[in-house]
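# Summary of the model geometry
The lines below spell out each chain.
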Amino acid sequence: MKVIKVKNYEELSRTAATIIAGVILSKPDCILGLATGSSPVGTYDQLAAMYEEGILDFSHVKSVNLDEYVGLDGSNDQSYRYFMNTNLFDHVNIDKNKTYVPNGLEEDSDKACADYNEIIRSVGGIDIQLLGIGGNGHIGFNEPGEAFEKETHCVDLTESTIKANARFFESMDEVPKQAYTMGIKNIMAAKKILLVATGSAKADALYKSLYGPITPNVPASILQLHQDVTVVADEDALRLIKEKGLL
C-alpha cells in the first residue's frame with residue numbers, strides 16, 4: 001500500500017486526477033470505477049480540465065459507479081447518475097451509454113444487483129477503482145456489519161448516513177433509506193484502487209482502515225489485502241497515523 005501525503009484538498013484532487021490520467025493514457029479503453037460524494041469532486045474537475053487541454057481522450061473509456069440510491073431516477077438532482085453527469089460526464093467526450101450506474105428504479109433488488117454484477121463482468125473488470133471513505137470506514141455503501149458483503153447488494157442505510165444526507169433533501173421523508181452498492185468482492189477485484197481522504201473527520205476511519213485489524217466493522221480495512229492500493233490524503237486526514245509514528 002502506498003500512502004501519498006498532500007497539504008490540502010486542491011493538491012489531493014490534482015494528485016488523484018494525475019493517477020487516473022496515467023491509467024487512461026496507458027490504456028485508452030480502460031474501465032474506470034467511479035465514486036460520488038464530496039471527496040472526488042475536485043478530482044473530476046481536474047480530469048475535465050485535462051480533457052479541455054487536450055491531454056485526455058475519454059472516447060473509448062467505460063465506467064462503472066459504486067452505487068445508487070434506491071427509488072431515484074437519473075434525472076433527480078440527488079441521484080448519483082445526475083452527480084456523475086454534472087461533475088464529469090457532461091464535461092468530457094465519454095459515451096454516456098458506456099457509463100454504468102446501478103438502476104435505482106428497479107424495484108426487484110435481486111434483479112437490480114444481478115444485472116449490475118453482469119455489467120461489471122461484461123465490461124471486463126475495473127482497471128482502477130476510485131474510493132472515498134466514510135467516517136465509519138464505509139466504502140461505497142458497504143456499512144459496518146457482521147460480514148463483508150461480496151457482490152452488488154441492496155443495503156439499508158444507517159441512521160447516521162441518512163442524517164448526513166438529509167441536508168440535500170427538503171425533508172427527512174424524502175431521504176432514500178436504501179441503496180444498491182457494489183460489494184467488497186467487486187471492489188477488491190479491481191486491478192488498482194485509489195482511495196482519497198480529506199479532513200479531520202476521516203482521521204479515525206483512515207487509521208483503523210490502514211493499520212487496524214481487518215474487520216467488517218471497518219469495511220475499508222479489507223483494502224489491506226489488496227495488491228495495489230494508493231491512498232492520497234491530506235494532513236488532517238492523516239493526523240492520527242502521523243501521531244502514532246506510522247508515516
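Here the structure is shown first, and the text comes after it.
Quick look at the structure, then.

Reading guide: rules and limits
Residues numbered from 1 in each chain as written. Predicted model: local features only at pLDDT ≥ 70, side-chain atom pairs only at ≥ 80, totals over all residues. Heavy atoms only, no water. Salt bridge = Lys/Arg side-chain N within 4 Å of Asp/Glu carboxyl O. Helix = DSSP H or I, 4+ residues; strand = E, 2+ residues; numbered from the N terminus. Buried < 20%, exposed > 50% of the residue type's maximum accessible area, 1.4 Å probe, protein only. Axes fitted to C-alpha atoms, helices over the stretch in contact; angles between N-to-C directions. Parallel < 35°, antiparallel > 145°, perpendicular 65-115°, else oblique. Contact = heavy atoms within 4.5 Å. Nonpolar A, V, L, I, M, F, W, Y, C, P; charged D, E, K, R; others polar. Left-handed = near helix turned anticlockwise from the far one by under 90°. Phe/Tyr/Trp six-rings, centres within 6.5 Å; stacked < 30°, edge-to-face > 60°.

## A word on the pattern of salt bridges
All told, the structure shown has 11 salt bridges when counted by the stated rule. Residues Arg 121 and Glu 118 are paired through a salt bridge, measuring 3.6 Å at the closest nitrogen-oxygen approach. Taken as a pair, Arg 121 and Glu 118 lie in helix α4 (residues 109-122) at a separation of 3 residues, close to a single helical turn. Ionic pairing is found between Asp 127 and Lys 191, a salt bridge with its closest N-O pair at 3.4 Å. With Asp 127 in the loop between α4 and β6 (128-131) and Lys 191 in the loop between α6 (184-188) and β9 (192-197), this pair connects stretches of sequence that are 64 residues apart. Note on Asp 127: relative accessible area 8%, which makes it buried.

## Digging into the packing of helix α2 (residues 41-52) against helix α3 (residues 80-87)
α3 packs onto α2 with a crossing angle of 40 degrees between their chain directions and a minimal axis gap of 10 Å. In terms of axis orientation, α2 runs oblique to α3. Touching Val 41, Tyr 44 and Asp 45 of α2 are Phe 83, Met 84 and Asn 87, all from α3. For the contact of α2 with α3, the per-class residue count stands at 4 nonpolar, 1 polar and 1 charged.

## Things to note about the side chain of Ser 13
Note that Ser 13 resides in helix α1 (residues 9-26). Of the residues examined, Ser 13 reaches a relative accessible area of 3% and is grouped as buried. Excluding residues within four positions of it along the chain, Ser 13 makes contact with Gly 42, Thr 43 and Gln 46.

## Examining the packing of α1 against α2
Look at α1 against α2: their axes get within 8 Å of each other, and the N-to-C directions meet at 55 degrees. One element, α1, and the other, α2, form an angle in the oblique class. Crossing handedness for the pair α1 and α2: right-handed. Between α1 and α2, the residues in contact are Tyr 9, Ser 13, Arg 14, Ala 16, Ala 17, Thr 18, Ile 20 and Ala 21 and Val 41, Gly 42, Thr 43, Gln 46, Leu 47 and Met 50, respectively. Residues of the contact of α1 with α2, tallied by class, amount to 8 nonpolar, 5 polar and 1 charged.

## Observations concerning the packing of aromatic side chains
Taken as a whole and judged by the stated rule, the model has 3 aromatic pairs. Ring geometry for Tyr 69 against Phe 141: centres 5.8 Å apart, planes inclined by 40 degrees, an arrangement best described as tilted. Linking Tyr 69 in strand β4 (residues 67-69) with Phe 141 in the loop between β6 and β7 (153-156), this pair joins segments that are 72 residues apart in sequence. Each of the two residues, Tyr 69 as well as Phe 141, counts as buried. Arranged with centres 6.2 Å apart and planes meeting at 15 degrees, the rings of Tyr 80 and Phe 141 form a pair that is stacked. With Tyr 80 in helix α3 and Phe 141 in the loop between β6 and β7, the pair connects residues that are 61 residues apart, well separated along the chain. Taking the relative accessible area as the measure of exposure, Tyr 80 reaches 13% and is therefore buried. Three or more aromatic residues joined by ring pairs make a cluster, and in this case those are Tyr 69, Tyr 80 and Phe 141.

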